[in-house]
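One letter stands for each residue in the lines below.
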Amino acid sequence: MTRITGTRPRLFTGPVALALAVAGSGLAQAATPAQAATPAQAATPAQAVTISPRAGDDRAAAAGVMMPTGGGYEPETLAAFGSAAARHSTDNTVVIAVVPSAYGDDWPSRPENIALAKERTAEIEAACTAVVTAPKRCVGRFQLLLNRSDALRPANSAALRDPSLDGVYILGGDQGIAITVLGNTPAERSMNAAYDRGVVISGTSAGAAVESRTMINGYTEDYGAADGLRQDAPLVWWGDDSDRERGLAFGSRAAIYDQHFYQRGRFGRSLTTIALADEHFAGSSPVGVGTDYATGVVNTGDRTLSGVFGQGSVALIDYESFAATHRWVGPDRLLSARRVLTGLMTDHTAYDLRTRVLTRGGVAPTIRAPRPYAFPAAPGGGTLYLGGGLQDGGDALADFVKTACAAHPSPNARLVVLAADSTSTAATYGDLAKAAGWTGRIDTVTYGHGAWASLSLTSADAVVIASIAPEQTRRAMADARFRDLVTTGVTAGGVVLADGPMAAALGERWSPVPRPTDDNYEDVAVLTFRVGEAKWQRGLGLLDTTLVPTLNTDYLWGRMYAAVRAQPASLAFGVTTGAAVKVTAAGARVVGGSVVALDGRGASRWTGSNGSFGTAGAVVDVFAPGETVRR
């Protein structure tokens, strides 16, 4: 199964916009019990890099508080906002203004949008009321700010100027619409003034995106999460120009927020966005801050992130501290980046947006600067391709066939396809090899079928060992005869392609968790950032690493963080669908797509109270086609 890349979000309006804004991922299960934190490795602390505010940034001393939430209206996130607003209140009434500007301006649906926004207002008020003690009470005030005409009328934003105001909550929907409605209006100016006097500003999904001055406004063209590492994929509205294509005027200048971050596979999009920001801001890029569904973080004065709340963790992407470099490669302009510092914030952590130091319990975990590495050599000295999911063909599979044909040009050359899961997988790869130019003999064999146990891969001129379904691959990998067969075939020194879960199985560990479906891929994506999701199995150990195939299409970014937790001394490599690592005696290079390395050797790790991974000092490298996989 190949994940559909998705399309650029349409500017939905009316109840459709609201439905998209409030759709949840169904993640209501009990949190995984917390585990003891991993002791910090003995290491030389990395020197933090202080990023000075850009010229004209006069908001650094502001007392304002922002609470971007990655999505949903879950009780714990609304309660966190209500508590913060109550702390701002100096009397017995906590006043909250609710802004629905991201809903859109669809006149036929305006009455229904108003009614639904008022329901959200009541929900936010009730969540606040549940966390205060009598005689204190909460009052939610719906603001009629659905179109630009509304926002230009000062009367419609009167509550935003009320001195008794304690909190503002921006509903989800479409962030581009929200700014089109609010930008350079009395409503935005009123929110700006409220922020300056300490009123708590929060919002969910699109309501979080608008809280950074430079704003991600979705994807361009028909791109989606699978295309996130392309230079032209993110639609970025820069905050330092004169038009209204930006975030809110008082939005964070130190951070660029991305929402539904794990849930919708947006790690790649933010890696690309911060690289673009590094160019745009002349080497002084903001920090990428990814908040996930039902999860948020408190930004105080645009200086400090702290108080992570909700069901997950918060991701940090930093191009400055380790002097990351990047460029764009090939006709698709794919990101190539080195030494990108990442972190995962949990409860009891804080992050200084100026020094870019993450602390836990007030103490900075020990981390180390990035060290050199090279991709492990191919066992047996032959040519080994490690595919990230080539079941649709593509350049990587064509490169394998070309190499195999060059090594064995005889028309009688024999290609053996061994499938670990099903006969249909074997047939698919046989057909793909033929379509890619293999003119010799093709034998397809499937574990558990026919005379598979008597198969000899050493007599083949080229070998494909593939699977698509991890859960079925697990059965084959539990059979010692199959493990020996694959080990012999890979170490024989020929031209071998291992793809999908079977590529992962060549490493130290691999995950048998079923690939996500159209019904659960968002849930699975969130869970990959939590303890125990990967259910690691012992691999063949032919490569001292962990491979994560279908990284981009199945939203498995968290699986890499799980891998470096399981084996801190080794790197994890995520291979995108359609890509492969070609390993030869000369080294390893990328063909057909992107490969992402996660280096946790110098990192510190712990577990949040909700079972989420906590990490400081994990370094990401992104490799584009043709590049050698090494630092």
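Conventions adopted
- Counting restarts for each chain: residues are numbered from 1 in the order of the written sequence.
- Where totals are concerned, whole chains, interfaces and linings use all residues; where local detail is concerned, this predicted model gives features only for residues with pLDDT of at least 70, and gives and counts side-chain atom pairs only at 80 or more.
- Note: side-chain values were computed over all heavy atoms of the structure, leaving out hydrogens and water.
- Detection works on a 1 Å grid of protein atoms alone, calling trapped sets that fit a 1.4 Å probe cavities and calling open sets with protein on both sides within 12 Å along at least five of seven lines pockets, with lining residues defined by an atom within 4 Å of a point.
- Grid points are joined across faces, edges and corners, and a volume is the space filled by probe spheres set on the points.
- As a working rule, the residues Ala, Val, Leu, Ile, Met, Phe, Trp, Tyr, Cys and Pro are called nonpolar, Asp, Glu, Lys and Arg charged, and the rest polar, with Gly in that last group.
- Planes of paired rings set the category: under 30 degrees apart is stacked, over 60 is edge-to-face and the rest tilted, where pairs are Phe, Tyr or Trp rings (Trp by its six-membered ring) whose centres lie within 6.5 Å.
- Here a strand is any run of E in DSSP of at least two residues, a helix any run of H or I of at least four, and the numbering for each starts at the N terminus.
- Three labels apply to residues, based on accessible area from a 1.4 Å probe with only protein chains included: buried if under 20% of the type maximum, exposed if over 50%, partly exposed otherwise in between.
- Both a distance and an angle decide whether a charge sits over a ring: NZ of Lys or CZ of Arg must be within 6 Å of the ring centre and within 35 degrees of the ring normal.
- Here, two cysteine sulfur atoms that lie within 2.5 Å of each other are counted as a disulfide.
- When DSSP locates at least two bridges between a pair of strands, those strands are taken to pair.
- Residues adjacent in sequence count toward polar contacts only when both atoms are side-chain atoms; beyond that, a polar contact is any pair of N or O atoms within 3.5 Å, and within protein one must be able to donate a hydrogen and the other to accept it.
- Working convention: axes come from line fits to C-alpha atoms, limited for helices to the stretch in contact. Angles between N-to-C directions cover 0 to 180 degrees.
- Throughout, a contact is declared for two residues whenever any of their heavy atoms are within 4.5 Å.
- Values of pLDDT, the confidence the predictor places in each residue, fall between 0 and 100.
- For patches, a residue must show more than 30% relative accessible area and have no salt bridge; joins then use 9 Å for like charges and 5 Å for nonpolar side chains, namely Val, Leu, Ile, Met, Phe, Trp and Tyr.
- Per-residue and other accessible areas were derived by the Shrake-Rupley procedure at a 1.4 Å probe size, with only the shown protein chains allowed to occlude residues.
- Basic side-chain nitrogens of Lys or Arg form a salt bridge, by our definition, when they fall within 4 Å of a carboxyl oxygen of Asp or Glu.
- When charges are counted, Lys and Arg contribute as positive and Asp and Glu as negative, whereas His and the chain ends are disregarded.
- Charge placement uses NZ in Lys and CZ in Arg. For Asp and Glu, CG and CD serve respectively.

For the rest of this paragraph, the subject is the layout of surface pockets. Taken as a whole, the second largest pocket spans an internal volume of roughly 570 Å³. Lining the second largest pocket are 32 residues, and of these D332, L334, T577, G592 and G593 lie nearest its centre. For the lining of the second largest pocket, the residue count by class is 10 nonpolar, 16 polar and six charged.

One pass over the full model with this rule turns up 17 aromatic pairs. On the basis of an interplanar angle of 40° and a centroid distance of 6.3 Å, the ring pair of Y73 and Y169 is categorised as tilted. One end of the pair, Y73, is in the loop between β1 (65–69) and α2 (75–88); the other, Y169, is in strand β4 (residues 165–170), with 96 residues separating them in the sequence. Residue Y73 is classed as buried on the basis of its relative accessible area, which comes to 7%. Classification of Y169 as buried rests on a relative accessible area of 1%. A connected cluster of aromatic rings, assembled from ring pairs, spans F261, Y262, F267, F529, W557 and Y561. Directly above the aromatic system of Y73 lies the positively charged group of R120, at a separation of 3.8 Å from the ring centroid. Over the ring of Y219 we find R269, and its NZ or CZ is 4.7 Å from the ring centre.

Here we come to the state of the cysteines. Taken as a whole and judged by the stated rule, the model has one disulfide. Sulfur-sulfur distance for the disulfide between C128 and C138 comes to 2.0 Å. When the S-S torsion is -60°, as for the bridge of C128 with C138, the disulfide is left-handed. Placement of C128 in helix α3 (residues 110–129) and of C138 in strand β3 (residues 137–142) is noted, with a sequence separation of 10 residues between them. Under the relative-accessibility criterion, C128 is labelled buried at 0%. Its relative accessible area of 5% is what places C138 among the buried residues.

Moving on to the pairing of strand β21 (residues 495–499). Most of β21 is tucked away, with five of its five residues classed as buried. Alignment of strand β17 (residues 383–387) against β21, held across five bridges, turns out to be parallel. Considered in β21, the bridge of T383 is made with V495. Bridge analysis of strand β20 (residues 462–466) against β21 gives five bridges, and the strand direction is parallel. When the bridges of β21 are listed, I465 appears paired with A498.

Along the chain, T295 falls in strand β10 (residues 295–300). With relative accessibility at 1%, the residue T295 sits in the buried group. Of note is the side chain of T295, whose polar atom sits 2.9 Å from the backbone nitrogen of G312.

Spatially, the nine strands line up as an open sheet ordered β3-β2-β4-β5-β1-β10-β11-β15-β16, and their pairing is mixed. At either end of the open sheet lies a strand with only one pairing partner, and these are β3 and β16 (357–360). Taking each pair of neighbouring strands and ignoring which way they run, the sheet shows an average axis angle of 20°. Sitting on the sheet, α2 is in contact with β1, β2 (93–99), β4, β5 (200–204), β10 and β11 (304–310), with an inclination near 155° to β4. Lying over the sheet, helix α7 (residues 186–196) contacts β1, β4 and β5, oriented at roughly 125° with respect to β4.

What follows concerns the confidence of the model for the protein. For the protein, the mean per-residue pLDDT works out to 91, and 90% of the residues sit at or above 70. Throughout residues 1–61 the model reports pLDDT below 50, and contacts reaching past four residues in sequence, or to other chains, amount to 143 contacts.

We now examine the side chain of S270. Following the sequence through the fold, S270 ends up in helix α9 (residues 267–280). Overall, the relative accessible area of 2% leaves S270 in the buried class. Of the polar contacts made by the side chain of S270, one reaches the side chain of D258; its length is 3.0 Å. Apart from the residues within four sequence positions on either side, S270 is in contact with I216, D258, F261 and I317.

A grouping of D240, D241, D243 and E245 is seen on the molecular surface, where their side chains present a negatively charged patch. Among the structural elements, D240 can be located in the loop between β7 (234–237) and β8 (255–258).

Within helix α6 (residues 175–182), seven of the eight residues are buried, leaving the element largely enclosed by the surrounding structure. Within the sequence span of α6, burial applies to Q175, G176, I177, A178, I179, V181 and L182. Check the buried side of α6 and you find it contacts β2, α4 (148–152), α7, α8 (206–209), β6 (215–219) and β7. Residue D174 occupies the N-cap position of α6, its side-chain oxygen lying 2.9 Å from the main-chain nitrogen of G176. Phi turns positive, to about 55°, at N184, one or two residues after α6.

Our next topic: the pattern of salt bridges. Pairing is possible between side chains that carry opposite charge, provided their charged atoms lie close to one another. What the rule picks out here adds up to 21 salt bridges. With a shortest N-O distance of 2.9 Å, D599 and R631 are connected by a salt bridge. With D599 in strand β28 (residues 595–599) and R631 in the segment after β30 (613–623), this residue pair connects regions lying 32 residues apart in the sequence. Take D599: its relative accessible area is 4%, and that puts it in the buried class. One salt bridge in this structure joins R631 and D621, with 3.0 Å as the shortest N-O distance. Here D621 lies in strand β30 and R631 lies in the segment after β30, a separation of 10 residues in the sequence.

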